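What follows is each chain in one-letter form.
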Amino acid sequence: MIKILRQQGMFFFLLIQGYLICSCSEQNKDSNSLNNIDLTILNESASGLKAGFAALPITPEVPDKWIDKNSDAEYNPKDGDTFTDGNGNGIFDPVWIAGFGNRRAANGIHDDLWARTMIVDDGTTRMAIVSLDVIGFMNNAVTDVRNMISSEAGVTYMIITSTHTHEGPDLLGLWGRKSIKSGVNKEYLEYVKVQVAKSVEIAVKNLRLVHLEVSEEMTGAIPFVRDSRMPEVFDPGIRMIKAIDKLDGKTLGTLITWGNHPETLWGKNLLITSDFPYYLREGVEKGIFNGDSLVMPGIDGVAVYVNGAVGGLMTTSPGLAINDPFTGKEFKDPTFEKAQAQGEQLAILALNSMKNPVEKFDSAAISLVVRTLRIPLNNKSFKLAKILGVLDRGTSGLRYMWTELAVFKIGPLSFATLPGEVYPEIINGGIEAPEGNDFSIEPVEVPSVREMMPGKYKFVFGLANDEIGYIIPKSEWDAKAPYTYGRNKAPYGEENSMGPETAPILHRKLQKMLVELK
Ligand SMILES: [Zn+2]
């Protein structure tokens, strides 16, 4: 999440009003505990695995271009304007693109956005994993989707993750025409919910007996991501699960995880796109082409891209060069050619790695531990955004926000879900306690999440079942002088976190849940 609300003067005034309003609404702060999930399934008896996939578009309707009524020139809408599309139809509610500044009105579609679903079933537990090409999807919206899925679908537990594309519609609210107005188009949000529910129902109908193949490419993707904040720690491993139909040997689909912001197109692009995941998924499914000639065949099926630890902040910013995999041509400026080069480089790594899987199995038991928990909200901008309805999380109050954690195992694989943008050092180790950290403490979130996880192959999903912002190690929290690492001002990050207790609370809870899972 980048660049939130900055009109500070206005904020303080509204904030005071907000506190007055909210002291009464605090009474219902616990009302969404109705949605609490407290689920423990510990299963040791392995049985034949089934998997099913589906992909449904969630592309918004966007005019090809905005036309200025006075000059007939192409135009990026500004606050308070009314607009016509290229056909002269009046439109008053553009699709606001999320991720950089406010007021970025979508001006056409480059590629479809998707709800992509993988379901795994061991005969006892049916897990649905959905990935959405959106910036984030709040926990109350996740609950709505769960309530839309028929009981016949038999889904035990569903995870909805977001790829966090910074080139798609605002579903969180922070990027509307003004920072104090939600950028969420409610009709579009409802459409996304319907499509997610449908994709799960279709994936259930597509369930087949499968072999699962696991592959890992741990270092090849490091050149395609940079860490914009010390310490330099990544989540660079591409981890993959391929599901192969036992009857006909065809690929039903793949789950591919990596950790980076899909923001290679950066903040001036006005075309809706899923950014590099588009080219990655296309490459894995349909193959890699150099011009018109197929260089590397794809493996068919539905490719589902799930993002990992992207906080801290993992990015392919304009300064980071990406080379075309064939010509070697270097791309630095944010262009579709750059996103394509990046997606294809990743797809080539993934396809090569999947030729030599490290594990194959067709029988396993699924165990699962899910908990709802609340985290103190110590961020004035977030509070204000909630008061103004810019951040709309249903009945959640102002002192706390409810969110959700899950850990599960499928045979030799283990999974942990985080509800936001976690700093990779919490996941992989390497938390520092630099001089000048606001609490003068040593690292709290230890051991690392991957050290605590069971199993041989460890998958971490970020932005899963929620988007609560940055999850920052407490010993790296740095909002006050003196600043860490010799900085002369506060680093970027804390303004988009719920507060310094977020990471310790999530880490403690995960630790307990992982003990239960073992
Ligand atoms: Zn982000």
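Anything mentioned here points back to the structure above.
Residues numbered from 1 in each chain as written. Predicted model: local features only at pLDDT ≥ 70, side-chain atom pairs only at ≥ 80, totals over all residues. Heavy atoms only, no water.

Q: Could you give me a rundown of the overall build of the protein, with the residues and numbers involved?
A: A count of helices and strands for the protein gives nine helices and 27 strands. Buried residues in the protein amount to 60% of all 518 residues. When contacts within the protein are restricted to residue pairs at least 6 apart in sequence, long-range pairs at least 24 apart make up 79% of them. Entry remark: accessible area of the protein is about 19,700 Å², with carbon and sulfur atoms responsible for 50%. (Helix = DSSP H or I, 4+ residues; strand = E, 2+ residues; numbered from the N terminus. Buried < 20%, exposed > 50% of the residue type's maximum accessible area, 1.4 Å probe, protein only. Contact = heavy atoms within 4.5 Å. Areas by Shrake-Rupley, 256 points an atom, 1.4 Å probe, with all protein chains shown as cover.)

Q: Describe the packing of aromatic side chains, and please don't skip the residues or the numbers.
A: Given two aromatic rings, one states the distance between the centres and the angle between the planes to describe the pair. Using the criterion set out here, one finds ten aromatic pairs in the structure. For the ring pair Tyr 188 and Tyr 191, a centre distance of 6.2 Å and an interplane angle of 40 degrees mean the geometry is tilted. You can see Tyr 188 and its partner Tyr 191 sitting in helix H3 (residues 186-205), three residues apart, about one turn around the helix. Looking at Tyr 188, the relative accessible area reads 9%, which means it is buried. By relative accessible area, which is 32% here, Tyr 191 ends up partly exposed. Ring centres 6.2 Å apart and planes at 80 degrees place the aromatic pair Tyr 423 and Tyr 470 in the edge-to-face group. Of this pair, Tyr 423 sits in the loop between strand S25 (421-422) and helix H7 (424-428) while Tyr 470 sits in strand S27 (residues 470-471); the two residues are 47 residues apart in sequence, bridging distant segments of the chain. (Phe/Tyr/Trp six-rings, centres within 6.5 Å; stacked < 30°, edge-to-face > 60°.)

Q: Which residues make up the pattern of salt bridges, and what values go with them?
A: What the rule picks out here adds up to 21 salt bridges. The residue Asp 121 makes a salt bridge to Arg 126 at a minimum N-O spacing of 2.6 Å. Salt-bridge contacts for Lys 456 lead to Glu 359; the nearest nitrogen and oxygen are separated by 3.3 Å. With Lys 456 in the loop between helix H8 (449-452) and strand S26 (457-461) and Glu 359 in strand S20 (residues 359-361), this pair connects stretches of sequence that are 97 residues apart. Residue classification places Lys 456 among the exposed positions, given a relative accessible area of 58%. Classification of Glu 359 by relative accessible area gives buried; the value is 18%. One salt-bridge network, held together by shared partners, links Glu 216, Asp 235, Arg 239 and Arg 450. (Salt bridge = Lys/Arg side-chain N within 4 Å of Asp/Glu carboxyl O.)

Q: Mind laying out the packing of helix H2 (residues 139-148) against H3, listing which residues take part and the relevant values?
A: The axes of two packed helices give the description: the angle between them and the distance between them. Interaxial distance between H2 and H3 falls to 9 Å at its minimum, and their mutual angle equals 50 degrees. When the axis of H2 is compared with that of H3, the two are oblique. Handedness of the crossing formed by H2 with H3: right-handed. Residues Ala 141, Asp 144, Val 145 and Met 148 of H2 pack against Lys 193, Val 194, Val 196, Ala 197 and Glu 201 of H3. Looking at the contact of H2 with H3 residue by residue, the class counts come to six nonpolar, no polar and three charged. (Axes fitted to C-alpha atoms, helices over the stretch in contact; angles between N-to-C directions. Parallel < 35°, antiparallel > 145°, perpendicular 65-115°, else oblique. Left-handed = near helix turned anticlockwise from the far one by under 90°. Nonpolar A, V, L, I, M, F, W, Y, C, P; charged D, E, K, R; others polar.)

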